[in-house]
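Descriptive structure summary
One-letter residues, chain by chain:
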Amino acid sequence: MNPQAKLVFTTSLLLGTTITISSNHWILAWTGLEINTLAILPLISKSHHPRAVEAATKYFLVQAAASALLLFSSMTNAWYTGQWDITQLTHPTSCLILTSAIAIKLGLVPFHFWFPEVLQGSPLTTGLLLSTAMKFPPITLLFMTSQSLNSTLLTTMAILSAALGGWMGLNQTQTRKILAFSSISHLGWMAIIITYSPKLALLNFYLYTLMTAAVFLTMDSMKVLKLSTLMTSWTKSPALSTTLLLTLLSLAGLPPLTGFLPKWLIIQELTKQEMPLMATAISLLSLLSLFFYLRLAYCWTITLPPHTTNHMKRWHTHKPVNTQIAILTTLSIMLLPISPIILTIM
């Protein structure tokens with residue numbers, strides 16, 4: 001892609017996100033979301049492969065439907081209350097439609113079907129944007145309207161997301177699809193807590209972004225797209241493979257790694273809200289995700305392919321260590337000891 005075009009699209013992404021997260025008016029928020037959608041489409045379809053074009057088309061149709069619902073929700077609220085302010089969403093029907101619209105934008109169950117397909121058709125760097133940056137504006141809208149949302153509906157969606165995200169990721173062989181189902185599962189943890197402790201949901205999102213960025217950039221540096229390629233990539237950079245093992249376990253939420261912090265705090269908050277059953281259910285469902293993270297880690301660091309002669313070995317590269325990956329991986333593994341400082345800031 002032309003560097004100037006890439007610069008325009010990246011700037012538009014930043015602009016759209018900034019407009020949405022800093023707006024108080026529904027029309028401005030909607031405009032920001034539309035700019036974001038239009039800016040990411042060329043980045044998804046830049047390879048001109050039929051799969052990429054299909055992914056871009058699916059993404060456009062789904063996001064257009066979600067944006068129309070969001071606009072309809074805000075207009076309904078304005079019709080009944082005379083308010084266009086985002087924080088003044090009080091009409092029950094508007095709240096219900098808004099929850100559905102944002103669930104479609106994020107890829108929460110039962111509106112998750114588009115997300116794995118779109119991620120599979122996108123390059124890894126665009127996949128990283130779709131999994132992290134593109135979810136930030138809808139999450140901020142949930143944050144701003146959290147006091148008006150239906151907590152029962154969100155809790156149901158969250159439990160289903162954690163269940164299906166873990167269950168459907170079990171038999172995948174494509175790394176991008178595995179990361180898509182991982183994202184759906186993590187969204188479940190954010191959705192269950194957003195009405196009770198919005199700041200905790202944002203903390204979860206920030207740490208998820210950190211860990212996912214480390215995984216995506218590592219895979220991109222090694223050009224790993226499926227598990228069979230993964231099995232031979234340990235020869236390319238053994239140190240990176242070892243740190244990625246820890247990052248994957250951190251994504252799974254194992255102590256004493258960074259990923260344990262949001263899960264621990266969410267379970268604690270759910271127990272305080274007298275929802276021990278939901279806390280137990282979502283904790284047990286996260287074991288499904290743990291299985292496929294362990295599978296990825298096992299393939300990456302412990303196994304040799306069964307027929308080594310059929311695979312082209314990837315020997316050590318002499319490229320310098322990518323500073324971004326080094327910083328992100330370190331943060332993904334070692335933030336738990338400073339959790340009191342993080343909680344003070346939050």
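Cut-offs used in this document
- Residues numbered from 1 in each chain as written.
- Predicted model: local features only at pLDDT ≥ 70, side-chain atom pairs only at ≥ 80, totals over all residues.
- Heavy atoms only, no water.
- UniProt positions renumbered as here; feature names shortened; annotations may be inferred.
- Helix = DSSP H or I, 4+ residues; strand = E, 2+ residues; numbered from the N terminus.
- Expected span 1.5 Å × (residues − 1).
- Buried < 20%, exposed > 50% of the residue type's maximum accessible area, 1.4 Å probe, protein only.
- Phe/Tyr/Trp six-rings, centres within 6.5 Å; stacked < 30°, edge-to-face > 60°.
- Lys NZ or Arg CZ within 6 Å of the ring centre and 35° of its normal.
- Salt bridge = Lys/Arg side-chain N within 4 Å of Asp/Glu carboxyl O.
- 1 Å grid on protein atoms, 1.4 Å probe; cavity = no way out; pocket = protein on both sides within 12 Å on 5 of 7 lines; lining within 4 Å.
- Points joined across faces, edges and corners; volume = space filled by probe spheres on them.
- Nonpolar A, V, L, I, M, F, W, Y, C, P; charged D, E, K, R; others polar.
- Core = buried A, V, L, I, M, F, W, Y, C linked by side-chain atoms within 4.5 Å.
- Domains from an automatic or database assignment.
- Contact = heavy atoms within 4.5 Å.

1. Here we look at the UniProt feature "domain: NADH:quinone oxidoreductase/Mrp antiporter transmembrane" (unreviewed entry) in the protein chain
Using the residue numbers shown here, the UniProt feature "domain: NADH:quinone oxidoreductase/Mrp antiporter transmembrane" (unreviewed entry) corresponds to residues 23-288. Structurally, residues 23-288 is divided into 74% helix and 0% strand, and its ends, taken at the C-alpha atoms, are 38 Å apart.

2. Notes on helix H9 (residues 175-193)
Between its first and last C-alpha atoms H9 spans 28 Å; for 19 residues at 1.5 Å apiece the expected length is 27 Å, and the two agree. Within H9, 19 of the 19 residues are buried, which leaves the element mostly enclosed by the surrounding structure.

3. Digging into the packing of aromatic side chains
One pass over the full model with this rule turns up seven aromatic pairs. Taken together through their ring pairs, the aromatic side chains of Tyr59, Trp114 and Phe115 make up a single cluster. A cation over a ring is seen here: Lys135 above Phe115, with NZ or CZ 3.8 Å from the ring centre. Across the ring face of Trp189, the terminal group of Lys263 is positioned such that the distance to the ring centre comes to 5.1 Å.

4. Regarding the pattern of salt bridges
Where charged atoms from two side chains of opposite charge come close, those side chains can pair. Within this structure, the stated rule accounts for four salt bridges. In this structure, Lys58 engages Glu54 in a salt bridge whose closest nitrogen and oxygen atoms are separated by 2.7 Å. Of this pair, Lys58 and Glu54 are both found in helix H3 (residues 50-81), four residues apart, which corresponds to roughly one turn of the helix. Overall, the relative accessible area of 29% leaves Lys58 in the partly exposed class. On the basis of relative accessible area, Glu54 is assigned to the partly exposed category, the value being 35%. When the shortest N-O distance is used, the salt bridge between Glu117 and Lys58 registers 3.9 Å. Taken as a pair, Glu117 in helix H5 (residues 114-120) and Lys58 in helix H3 lie far apart in primary sequence, 59 residues in all. Connected through salt bridges with shared partners, the residues Arg51, Glu54, Lys58, Glu117 and Lys177 form a single ionic network.

5. Structural notes on the layout of surface pockets
Size it by volume and the second largest pocket reaches roughly 260 Å³. Forming the boundary of the second largest pocket are Thr10, Leu13, Leu14, Thr17, Thr125, Leu128, Leu129, Thr132, Ala133, Phe136, Phe205 and Thr209. Looking at the lining of the second largest pocket, the elements that each hand over two or more residues are helix H1 (3-22), helix H6 (124-131) and helix H10 (198-222). If you tally residues by element for the lining of the second largest pocket, the top one is H1, at four residues. Residues belonging to the lining of the second largest pocket are distributed by class as follows: seven nonpolar, five polar and no charged.

6. Looking at the nonpolar core
Counting residues in each nonpolar core, the largest one holds 101 residues, and the members touching the most others are Ile40, Ile44, Tyr59, Leu70, Leu130, Leu141 and Ile192. Broken down by element, the residue count for this core peaks at 16 residues, all from H10. The residues that make up this core include at least three from each of domain 1 (1-130) and domain 2 (150-308 + 317-345). Not counting chain neighbours up to four residues away, the residues in contact with Ile44 comprise Ala52, Ala55, Ala56, Tyr59, Val118, Gly121, Ser122, Pro123, Thr126 and Leu130.

7. Re empty space enclosed by the protein
If you walk through the whole model with that rule in mind, you get two cavities of 30 Å³ or more. Contributing to the lining of the largest cavity are Leu33, Asn36, Thr37, Tyr59, Gln63, Lys105, Trp114, Leu130, Met134, Lys135, Pro137 and Pro138. Only helix H2 (26-44), H3 and helix H7 (136-144) provide two or more residues apiece to the lining of the largest cavity. Examining the composition of the lining of the largest cavity, we find that three residues originate from one element, H2, more than from any other. Here the residues of the lining of the largest cavity are counted per class, giving seven nonpolar, three polar and two charged. Of the volumes computed, that of the second largest cavity is approximately 50 Å³. Taken together, Ser185, His186, Trp189, Leu251, Ala252, Lys263, Ser286, Ser289 and Tyr293 form the lining of the second largest cavity. In terms of residue class, the lining of the second largest cavity is made up of four nonpolar, four polar and one charged.

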